[in-house]
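# Overview (structure and organization)
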Amino acid sequence: MKPILLYAIIALAAIAIVASFGFQLGSTEMPAMTESMAANVLFVCPSANATWDSISMGLRVIERYIIGGAFFVVVLLLFGWGWQLYQNLLSDKFKRESFKTIWGFTKLAFWAGVITLLLVATPNHFRRVEITGAGNNWVFCDGNTPGASAVRADAVHAR
């Protein structure tokens with residue numbers, strides 16, 4: 001594959017990913033929730049601060065970039081598979097060895113994705129909340145869970 005064609009494929013994939021996920025250079029502010037939208041009470045429990053939760057919280061800062069990078073890799077893999085299929089069609093015979101490299105990249109991307117998913121999506125990842133004036137180690141829970149406490153809903157913020 002010529003270097004200019006490879007550059008064009010990478011550039012098009014990068015533009016598609018950036019446009020799809022709405023990446024920005026500046027920060028965006030969350031709109032303020034009105035008093036009529038807030039519910040009365042939410043139940044929260046203290047979170048056990050495990051190593052996996054710490055890793056997940058550390059990766060949460062770059063979670064959108066991880067997802068964007070994963071889609072970028074998938075697009076490059078699709079182009080790679082397509083290129084190899086095209087080369088086999090041009091030669092009018094199937095060469096199994098020509099798929100060895102792209103198959104290796106596919107396996108590597110799959111296992112890297114599985115490990116990243118396990119590190120990012122811990123059970124508390126989707127339940128973790130922040131309470132105004134009460135610290136950061138809280139998760140949503142049911143009212144009948146041991147250790148649950150009722151908190152005003154407008155004091156609970158997503159993390």
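Predicted model, so just to flag it, every value in this text is computed and none were measured. (Residues numbered from 1 in each chain as written. Predicted model: local features only at pLDDT ≥ 70, side-chain atom pairs only at ≥ 80, totals over all residues. Heavy atoms only, no water.)

Strand order in the open sheet formed by five strands is S4-S1-S3-S2-S5, and the pairing between neighbours is antiparallel. Every interior strand has two partners, whereas the edge strands, strand S4 (149-152) and strand S5 (156-158), have only one. Strand-to-strand twist of the sheet, defined as the mean angle between neighbouring strand axes without regard to direction, takes the value 50°. Where strand S1 (residues 41-46) and strand S3 (residues 138-140) come together, three bridges link them in antiparallel fashion. Paired with Cys 45 across the two strands is Val 139, which belongs to S3. (Pairing = 2+ DSSP bridges. Helix = DSSP H or I, 4+ residues; strand = E, 2+ residues; numbered from the N terminus. Axes fitted to C-alpha atoms, helices over the stretch in contact; angles between N-to-C directions.)

Let us look at the state of the cysteines. All told, the structure shown has one disulfide when counted by the stated rule. Disulfide pairing places Cys 45 opposite Cys 141 at an S-S distance of 2.1 Å. When the S-S torsion is 85°, as for the bridge of Cys 45 with Cys 141, the disulfide is right-handed. Remark: Cys 141 occurs in the loop between S3 and S4 and Cys 45 occurs in strand S1; sequence separation between them is 96 residues. Overall, Cys 141 belongs to the buried group, its relative accessible area being 16%. (Disulfide = S-S within 2.5 Å. Buried < 20%, exposed > 50% of the residue type's maximum accessible area, 1.4 Å probe, protein only.)

Within the secondary structure, Asn 88 is located in helix H3 (residues 63-91). Judged by its relative accessible area of 9%, Asn 88 is buried. Setting aside chain neighbours within four positions, we find Asn 88 in contact with Lys 93, Phe 94, Lys 95, Ser 98 and Phe 99. (Contact = heavy atoms within 4.5 Å.)

What follows deals with the pairing of S1. Two faces, one strand: in a regular strand the side chains alternate between the faces of the sheet. Of the pairings in the sheet, the one linking S1 to S4 comprises four bridges and is antiparallel in character. Bridge assignment links Val 44 to a residue of S4, and that residue is Ser 149.

With that settled, consider unusual backbone geometry. Positive phi values are uncommon outside glycine, yet Asp 92 reaches one of about 60°. In this structure, Asp 92 sits in the loop between H3 and helix H4 (100-120). Its relative accessible area of 70% is what places Asp 92 among the exposed residues.

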